[in-house]
Amino acid sequence: MRKLIALVGAMVVAMALVPLPAPVARAQAAAPKQGLVCTGGPSFDLTARSGYIETPDGNSVLMWSYAPAQGGFQSPGPVLCVEQGDEVTVRLHNDLAEPVSIVFPGQLAVGGTGAPGLLAKEAPAGGDATYTFTAGRPGTYVYESGSDPSKQVEMGLYGALVVRPAGHPDYAYDAATRFDPKREYLMLLSDIDPDLHHAVETGGTYDFTTLRNRYFAINGRQFPDTLQNNGVSWLPAQPYGALVRVKSYDATGNPLPALIRMANVGALNHPFHPHGNHVRQIAQDGRPLRTPDGGDATGEHFGRTVASGQTQDFLFTWKDQDSWDSQGNPLPASVASPDYRNLTFKDGDTWSSGSAYLGAKGTLPVGTASQNVCGEWYFPWHSHALNEFTNFDAGFGGMATLLRVDPPGGCAAVAASSSILAGTPRSGTVAALATADTAYYQVDSTATGTPAADWSGGFAGVPTGATGLTVTYTGRNSAAALPTTLWAWKWSTGAWVQLGAAADVGTADATITRTLPAPQTDFLGTGANQGKVRVRVLTTGTATGFLTQGNLLRLTYDAP
Amino acid sequence: MRRRDLLKAGALAAGLVVGGQALEGTAEGTMEGTVEGTVEGTARAVPGPATRIALAGTDGYITIPGRAPVYIFGFLAVPPAMSIAELTAAYKGKAQHVAPVLDLGQDRDAYITLTNLGLVGRPDLVDSHTIHWHGFRTPATVFDGVPEVSVSVPIERQFTYFYRPHDPGTYMYHCHFEDVEHVQMGMTGIVFVRPAQDGSTALDPLRRSTTYAYNDGDGSTAYDRHFAILLNEIEEREHDADEQIQEFVFTDYDPQYYTLNGRVYPQTVLPNGHPSLPGQPVSSLVQVNPGDRALLRLANLGYEQHAMQLPGIPMKVVGEDATLRRSPSGADTSYPAGTLYIGPGEARDVLFTAPPFNPSARVSTDARGSYNTYLFKNRDFRRLSNHGAPGLGGMATEVRVYRGSPLPSQSVVGETYA
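Reading the values: the criteria
- Residues numbered from 1 in each chain as written.
- Chains lettered and ligands numbered in written order.
- Predicted model: local features only at pLDDT ≥ 70, side-chain atom pairs only at ≥ 80, totals over all residues.
- Contact = placed C-beta atoms within 7 Å.
- Helix = DSSP H or I, 4+ residues; strand = E, 2+ residues; numbered from the N terminus.
- Pairing = 2+ DSSP bridges.
- Axes fitted to C-alpha atoms, helices over the stretch in contact; angles between N-to-C directions.
- Buried ≥ 20, exposed ≤ 12 C-beta atoms within 10 Å, placed from the backbone.
- Arc of directions from axis to C-beta.
- Domains from an automatic or database assignment.
- Nonpolar A, V, L, I, M, F, W, Y, C, P; charged D, E, K, R; others polar.

1. Examining the interface of chain A and chain B
Facing 60 residues of chain A, the contacting portion of chain B comprises 59 residues. Of all the elements in the fold, those that place two or more residues in the side of chain A that touches chain B are strand 16 (270-274), strand 19 (299-301), helix 4 (333-336) and strand 24 (377-383) of chain A. Ranked by residues supplied to the side of chain A that touches chain B, first place goes to strand 24 of chain A with 4 residues.

This is the structure in structure tokens:
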């Protein structure tokens, strides 16, 4: 059954209901666009307060949270990152109207100040409490309210605590659990019964035996909001995204796995299903999985139930088993090119590239909008209690995010146009520059003065926010060792900028690779030249004139 | 005649669609020898002969005691040679639940063609369908069957999914289109991959079996018989709403029936293809000779976690999520289970050895002779009732251990012997 919902419209309505444009929290100041956002310690200042979150179906829900004392309201609380052995101090101020506290499951001998409470020192309404402990063994932990927990935890008084091995920010636990620090992700699972939140908001009553959760979140957001970057302005109270991005395993270029830290602060157990590849569970509740004699007991899974209050850590590697490739290892011809006239792209809006191959783009049917940048792949990661894969009554929402698999070398663009600045064309079109093969783009040098073959290739469709722009040129000349330079067009000054030193290119194909200088945005066109990058190849030479043969001109980049 | 022969002949009569045996598809060429394991990080082995399977997606009804027939969506196996028009004429409205068990081999390409026949009961509903092989490692996204990130198959259209399975074990498959609805409506089944190690008796410690759950290298997962059992729930308000052109709020989910292979006890022990259950052809009856090593291929495509027990017979979990329970360093991480927790979207491979026939225990008799009965059941006794009706029902089936060894070798997964 189709349950279409105008997400954008709903979002606008929800925002209109939320009057507070929260100031950017301290934790977000240097936040990466994606992945774990650490709030560094070992001292933390938190304020228990209330605010609103927005759900993708247009609702807004009153939440309580531990917000950064200097920032606006945010849900969930900041991710507290410390090192094993740190003397941690958490100062809690309470802006709520009832006593609150914090417990740190997994941490021992938590001391502090405040009013006596059942499980922890409490901060009375308007008052303060302090918690001190020595950060224990490395791992993923939660922190949450120890006061009236059925109400206060459900209202949102929770967050994640990450304890890293001292001196090893790239280890989850030990050398065997080393990961790529650029690919560290947290999935804080939670569930919300808006009836409780409404009762708290209006001073009504609520019977916990009637708990029926309607919203299911990762890092405080419901799908598809989970895909948005950290700290986007239109989700002011929900700063943490959950998109997972990886590249194919490469023994030299990308040898380290991603780390996925999962923590469940909800009331229910959540069975989480990663599409696309298995995840390797390495720990539970901050303890590495070991056999009784201390051996490795990690194991791979395509589904794992994270129990209420539990944490589990996973290493994740995208290792393409077959590396299907249109050139070297094509899929069987009968399935490689689906006939889209016989198929549907749901709702005319897709993350598909239209190609069966990673890193390639195909032609999508007219009228189908694509969110795909350059042939990357997307897979949903979601709760397989599918009633949680919804926003109240609308499917494809809730406790879900996407895995994004970027092409191994990043996105690649080939020149779409060419222009000769000095010299004369001999043969070949810009298409010859698409791949390193037997087709060449050939330019005869000038014959007077210092002979030069000077030409450029134009790239289009490079997305705003692309980083790591790198040019690769492969070519040869009719004479030995001709100095060759690469240049890029700087749109802001309207001038060519030389990329590094000259390299000698002789009569055999040689490759020059140059990364564009910072700030790379200067080289990416705007306005009428949106998405355009121009690269120039200048070969100067000998007394007699020569021929330049360009084989490949490619631009690679990391898409935003 | 075996089902695959029928499929080959293209002579699949409507009455036989409910046969309930595993769907092995049609093999191209002849089986070759085993394919060696592969080195990680490199392209995998060249596959053996391909398997071609044809499935259709449509609607239909299943039978649950004590209420009107339950409206479902489902997959069924269809003859590969038929045109879409012929398929529509022959099979539209004849969905089965659970979907056919798919029996595939490691490093053997699988082509699964899905035809969407549309819905007899909801002509207003023009939903597409997909096949999502749940747990398949590193698929091309176009074959992952998620309609928002790739393609789906509209009514009266076909699409062929392609897989080169390298990793043996038990998986599941389901439609991912409006999946919270289509999965609950019944578009769910088990797919498993036989290991390359199959065919060797040298590894079996008992030197009698050629079948293994995994490429264990030591015969520790050898089995004599295997059974694929899919755990599910039925939320009748959702099915009834769908039938009556109403919306169901999925966060109201609170099922009334708990099923194994789409049946509730005592339906679960009826044989495959029983005429009283035309929409539920797959039995969960486990029939074994004393001393048989039985492999239970378990998967859960309900939305709730289940606690399964087999009182009187120890269970050993040798695989989870199509992965041998063995750590990267080679440590055996298989484990005994008295109560086996299995969450939604999770799979377990469980071995047990049938105990000797015990004449002093309760003895029953069927066409194969006398047997002792053990119950494979949910420990949560609320799920052992059919919508609160008195007596045993719900998520339970019988393990029958016979006197003597009257059962012939299994020719197909989950074979039942009347």
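2. Focus: the sheet that holds strand 3 (residues 60-68) of chain A
In any sheet, the strands associate via hydrogen bonds between backbone groups, in a parallel or an antiparallel arrangement. All names here are of chain A. Reading across the sheet, the 5 strands line up as 3-2-5-9-7 and stay open at both edges, with mixed pairing between neighbours. The outermost strands of the open sheet, each flanked by one partner alone, are strand 3 and strand 7 (111-113). Pairs of neighbouring strands in the sheet enclose a mean axial angle of 20°, with direction left out of account. Pairing of strand 5 (residues 87-94) with strand 9 (residues 128-134) involves 7 bridges; the strand directions are antiparallel. The residue of strand 9 that forms the bridge with R91 is T130.

3. Re helix 4 (residues 236-243) of chain B
For helix 4 of chain B, the full list of buried residues reads E238(B), H239(B) and D242(B). Down the axis of helix 4 of chain B, the sector holding all buried residues measures 95°, keeping them to one side.

4. A word on the domain arrangement of chain B
Residues and elements named next belong to chain B. You can read the domains of chain B as domain 1 (3-194) and domain 2 (225-402). With 40 residues of domain 1 in contact, the opposing surface of domain 2 contributes 38 residues. At the level of elements, strand 2 (48-62), strand 3 (70-77), strand 8 (169-174), helix 3 (179-184) and strand 9 (188-194) are the ones that each hand at least two residues to the side of domain 1 that touches domain 2. For the side of domain 1 that touches domain 2, the leading source of residues is strand 8, giving 5 residues. The class makeup of the residues in the side of domain 1 that touches domain 2 is 18 nonpolar, 18 polar and 4 charged.

5. Structural notes on the environment of Q238(A)
All names here are of chain A. Its place among the elements puts Q238 in the loop between strand 13 (215-218) and strand 14 (244-247). Sequence-wise, Q238 and P76 are 162 residues apart; in three dimensions their C-alpha atoms are separated by 7.2 Å. Not counting residues up to four positions away in its chain, the partners in contact with Q238 are I53, S75, G220, R221 and D225.

6. Some details on unusual backbone geometry
Of the consecutive residues S75(A) and P76(A), the connecting peptide bond is found in the cis state with omega at -5°. Its place among the elements puts P76(A) in the loop between strand 3 and strand 4 (79-83). Look at the link from Y265(B) to P266(B): it is a cis peptide, with omega at 10°. Relative to the assigned elements, P266(B) resides in the loop between strand 11 (257-260) and strand 12 (286-288). Phi at F396(A) takes a positive value of approximately 55°, unusual for a residue other than glycine. Within the secondary structure layout, F396(A) lies in the loop between strand 26 (394-395) and strand 27 (400-406).

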